[in-house]
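This is what each chain is made of:
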Amino acid sequence: MTRHSHRLASPVTADTEAPTRTRILADLTPLRSSPDYRRLWFGNTISWVGQGMTSLAISLQVYDITESSFSVGLVGLFSLVPLMVFGLYGGAIADTVDRRTLGLASASGSAVLSAGLAAAAIAGFAHVWFLYGIVALQSVCAALNGPARSSMIPRLLPPEQLPAANALNSITMTSGTLLGPMLGGLIVGFAGYQSAYLIDAVTFAASLYAMWRLPSMLPDRDRTAAKRASVLDGFRFLATRPNLRMTFFSDFCAMILAHPRALFPAVAALWYGGDARTTGLLVAAPALGALLGGVFSGWLSRIHRHGLAILLAVGAWGAAIAVFGLTRNLWLGLLFLALAGCADTVSMVFRNTMLQVAAPDEMRGRLQGVFIVVVAGGPRLGDFLAGTTADLASPTVAVTGGGLACVLAVTLLGVTRRRFARYDSRDPEA
């Protein structure tokens, strides 16, 4: 009863309790109402920062060993392939076994791998293929952990709190993206690689403790169903659910057609006459916008037309990228990149909420696995498309043309799939 006691609050309390704050800043109701979710959120936030530290430290160590940017680029490849492959199977496993147990096992594996990195660094064992192997294994653990962790949240919170919870989760991810590398660089500079890896291993204790305190999280499956969940069954289910498919199609519009990240080094030099520091600002701007989108997300819980909100957010991403492609003032360009990042947070919150609410519990793991593959693979395809277009035409054509193509594509989706635009979270329909 304690977990859902907010439902018993009187209308006066609900309406008068700091309305301005809850309308502007992130809605903290999930953190207040569910101790299990609160521990899970804090634990994940701490461990995400630690993983961000390790990610940068590995890149720095690979460059220190090889003095090759190509070798550093291979770190991303060794991370991406296992994440995409095992993301699907991780979702199927999450729909078969106790999700709490799977989360504990995969987080423990990540902690052991970070400890292994630290031990190797202390022993002076500096071999690039060892680092690549650890990166691949870390991605396997992340691919198993992600669907399990995401499919737990609808079991901890009522449906009306899921948009707020997903906004809080976006703060976790962007904090890891921004703070982790910053702290990692400082720690490696002052205390060496082993210190960054050791701190990462220790931070997993917070996530492990949070999961240890959770109750059993067996999927709600029909006893007559097959004992083992199938990846193909997940795709068959998705084929019959047009609204859920649209969450993926809309994200493809943004991440494939209008994803200019690969062009930032060229843009920094050609448009702004800058250097690596300018490139760093361009990379950080969308992440900062995404973080602010999560911090100032209190209004998202009041939105019920999630499909329409996704279409508008993706359109806003495309429009911001298109305008960014026309700017030649650095600070104005950074502003539009930040606006794009904020729009991406809004889209992510509602896409994830739809997957959690409109899908049955026994399918949530597999759909979260597909979500991970889309999130990981879409931007890589976008990098390839943007780079190819820039070489064939120009960076301006690639960026502005991609943004306009995104707006056009998501508009066509909205016009041809009006059922998605009418989706209402108060009467969810997959």
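This one's a predicted model, so the numbers in the text were calculated from it and none came from an experiment.

### Here's the deal with the overall build of the chain
Thinking step 1. In terms of regular secondary structure, the chain is built from 18 helices and 0 strands.
Thinking step 2. Here the chain has a C-alpha radius of gyration of 21 Å; the compact-globule value for 430 residues is 22 Å, and the two agree.
Thinking step 3. Counting the 430 residues in the chain, one finds 53% classified as buried.
Thinking step 4. The contacts in the chain between residues at least 6 apart in sequence include a share of 87% that link residues at least 24 apart.
Thinking step 5. Entry remark: accessible area of the chain is about 19,200 Å², with carbon and sulfur atoms responsible for 68%.
Thinking step 6. Counting 33 positive and 23 negative side-chain charges, the chain places the averaged centre of each group 5 Å from the other.

### Quick word on the side chain of Asp251
Thinking step 1. Considering the arrangement of structural elements, one finds Asp251 in helix α11 (residues 242-257).
Thinking step 2. In this structure Asp251 touches Arg351 and Val374, once residues within four positions along its chain are discounted.

### Thoughts on the packing of helix α7 (residues 128-156) against helix α16 (residues 361-392)
Thinking step 1. The contact between α7 and α16 brings their axes to 8 Å, and the two run at 135 degrees. Comparing their axes, α16 and α7 come out oblique. The chirality of how α7 crosses α16 is right-handed. The residues of α16 that touch α7, namely those facing Gly146, Pro147, Ser150, Ser151, Pro154 and Arg155, are Asp361, Arg364, Gly365, Gln368, Gly369 and Ile372.
Thinking step 2. Along the lines of polarity and charge, the residues of the contact of α7 with α16 split into 3 nonpolar, 6 polar and 3 charged.

### Comments concerning the state of the cysteines
Covalently bonding the sulfur atom of one cysteine to the sulfur atom of another cysteine gives a disulfide.
Thinking step 1. If you walk through the whole model with that rule in mind, you get 0 disulfides.
Thinking step 2. Distance from the sulfur of Cys253, which forms no disulfide, to the nearest cysteine sulfur (Cys406) is 5.9 Å.
Thinking step 3. We classify Cys253 as buried; its relative accessible area is 7%.

### Observations regarding α7
Count 3.6 residues to each turn of an α-helix, and residues three or four apart come out pointing the same way.
Thinking step 1. Compared with an ideal rise of 1.5 Å per residue, which puts 29 residues at 42 Å, α7 spans 41 Å between its outermost C-alpha atoms and is within 8% of the ideal.
Thinking step 2. By the criterion of burial, α7 is predominantly enclosed, with 23 of the 29 residues buried.

### Some thoughts on the nonpolar core
Thinking step 1. Within the largest apolar cluster, 57 residues are counted, with the highest numbers of intra-cluster contacts made by Leu244, Leu282, Trp317 and Phe324.
Thinking step 2. Counting residues per element, this core draws most heavily on helix α15 (residues 330-358), which supplies 12 residues.
Thinking step 3. Discounting residues that sit within four places of it in the chain, Leu282 has contacts with Phe264, Val267, Ala268, Tyr272, Phe324, Leu330, Leu334 and Leu337.

### Some thoughts on the side chain of Thr353
Thinking step 1. Here Thr353 lies in helix α15.
Thinking step 2. Setting aside anything within four residues of it in sequence, one finds Thr353 in contact with Leu162, Pro163, Asn166 and His306.

### Points about helix α6 (residues 99-123)
Thinking step 1. Over its 25 residues, α6 extends 36 Å from the first C-alpha to the last, a length consistent with the 36 Å expected when each residue adds 1.5 Å.
Thinking step 2. Once α6 ends, the next one or two residues include Gly124, with phi positive near 75 degrees.

### What about the environment of Asp200?
Thinking step 1. Tracing the backbone shows Asp200 in helix α9 (residues 193-212).
Thinking step 2. Excluding residues that lie within four positions of it along the chain, Asp200 makes contacts with Ser47, Gly50, Gln51, Thr54 and Ser114.

### Quick notes on the packing of aromatic side chains
Thinking step 1. If you walk through the whole model with that rule in mind, you get 8 aromatic pairs.
Thinking step 2. Look at Trp41 and Phe42: their rings are 5.0 Å apart centre to centre, the planes differ by 80 degrees, and that puts the pair in the edge-to-face class.
Thinking step 3. A centroid spacing of 6.3 Å and a plane angle of 80 degrees characterise the contact between Trp271 and Tyr272, whose relative ring orientation is edge-to-face.
Thinking step 4. Trp271 sits in the buried class, given a relative accessible area of 11%.
Thinking step 5. A residue is classified by how much of its surface remains accessible, and Tyr272, at 16% relative accessible area, is buried.

### A short note on the pattern of salt bridges
Side chains bearing opposite charge may pair, as long as their charged atoms lie close to each other.
Thinking step 1. Tallying each qualifying case throughout the model produces 5 salt bridges.
Thinking step 2. Where Asp95 meets Arg366, a salt bridge forms, and the shortest distance between an N and an O atom there is 2.7 Å. Note that Asp95 is positioned in the loop between α5 (69-94) and α6 and Arg366 in helix α16, a separation of 271 residues in sequence. Summarising the burial analysis for this pair, Asp95 and Arg366 share the class buried.
Thinking step 3. As a salt-bridge pair, Asp383 and Arg261 come within 2.5 Å of each other at their nearest N and O atoms. Taken together, the residues span a long stretch of sequence, with Asp383 in helix α16 and Arg261 in the loop between α11 and α12 (264-270) at a distance of 122 residues.
Thinking step 4. Residue classification places Arg261 among the partly exposed positions, given a relative accessible area of 35%.

### Regarding the confidence of the model for the chain
Thinking step 1. Averaged over the chain, the pLDDT score is 84; the fraction of residues at 70 or greater is 91%.
Thinking step 2. Helix α1 (residues 11-16) is the least confidently modelled element of the chain, averaging 36 in pLDDT, while helix α14 (residues 306-324) averages 96, the highest of any element.
Thinking step 3. Counting contacts from residues 1-22, a segment whose pLDDT is below 50, to residues more than four positions away or on other chains yields 22 contacts.

### Some details on the packing of helix α8 (residues 162-191) against α9
Thinking step 1. Two numbers describe how α8 lies on α9: the axes approach to 6 Å, and their chain directions differ by 130 degrees. Classified by the angle their axes make, α8 and α9 are oblique. Facing Ile187, Val188 and Ala191 of α8, the residues of α9 in contact are Tyr193, Gln194, Ser195, Ala196 and Ile199.
Thinking step 2. Its residues assigned to classes, the contact of α8 with α9 shows 6 nonpolar, 2 polar and no charged.

The rules we used
Note on numbering: residues in each chain are counted from 1, in written sequence order. For this predicted model, a pLDDT threshold of at least 70 governs which residues receive local features, and a threshold of 80 or more governs which side-chain atom pairs are given and counted, while totals over whole chains, interfaces and linings are taken from all residues. Values reported for side chains reflect all heavy atoms of the structure, with hydrogen atoms and water molecules removed beforehand. Elements are defined by DSSP. Helices are runs of H or I of four residues or more, strands are runs of E of two residues or more, and each kind is numbered from the N terminus. The quantity called the radius of gyration is restricted to C-alpha atoms. Its globule counterpart is 2.2 Å times the number of residues to the power 0.38. Buried, partly exposed and exposed residues are distinguished by accessible area as a fraction of the type maximum, computed with a 1.4 Å probe on protein chains only: under 20%, between the cut-offs, and over 50%, respectively. Contacts: residue pairs with any heavy atoms within 4.5 Å of one another. For the accessible areas, the method is Shrake-Rupley and the probe is 1.4 Å, while residue cover comes only from the protein chains on display. When charges are counted, Lys and Arg are positive and Asp and Glu negative, with His and the chain ends excluded. By convention, the point assigned to a charge is CZ for Arg, NZ for Lys, CD for Glu and CG for Asp. An axis is simply a line fitted to the C-alpha atoms; with a helix, the fit covers only the stretch in contact. Between two such axes, the angle follows the N-to-C directions and lies from 0 to 180 degrees. Note that the term roughly parallel is reserved for angles under 35 degrees, roughly antiparallel for angles over 145, roughly perpendicular for angles of 65 to 115, and oblique for everything else. By convention the crossing between two helices is left-handed if the near helix lies anticlockwise of the far one by an angle smaller than a right angle, and right-handed if it lies clockwise. Ten residue types, Ala, Val, Leu, Ile, Met, Phe, Trp, Tyr, Cys and Pro, are classed as nonpolar, four, Asp, Glu, Lys and Arg, as charged, and the remainder, Gly among them, as polar. Disulfides are defined as pairs of cysteine sulfur atoms found within 2.5 Å of each other. One less than the number of residues in a helix, times 1.5 Å, gives the span that helix is expected to have. Think of a nonpolar core as a cluster: buried Ala, Val, Leu, Ile, Met, Phe, Trp, Tyr and Cys residues, connected wherever their side-chain atoms sit within 4.5 Å. Only the six-membered ring of Trp is used, alongside the rings of Phe and Tyr, when aromatic pairs are assigned; centres must lie within 6.5 Å, and planes under 30 degrees apart are stacked while those over 60 apart are edge-to-face, with the rest tilted. By definition, a salt bridge exists where a carboxyl oxygen of Asp or Glu is found within 4 Å of a side-chain nitrogen of Lys or Arg. Confidence of the predictor at the level of single residues is given by pLDDT, which spans 0 to 100.

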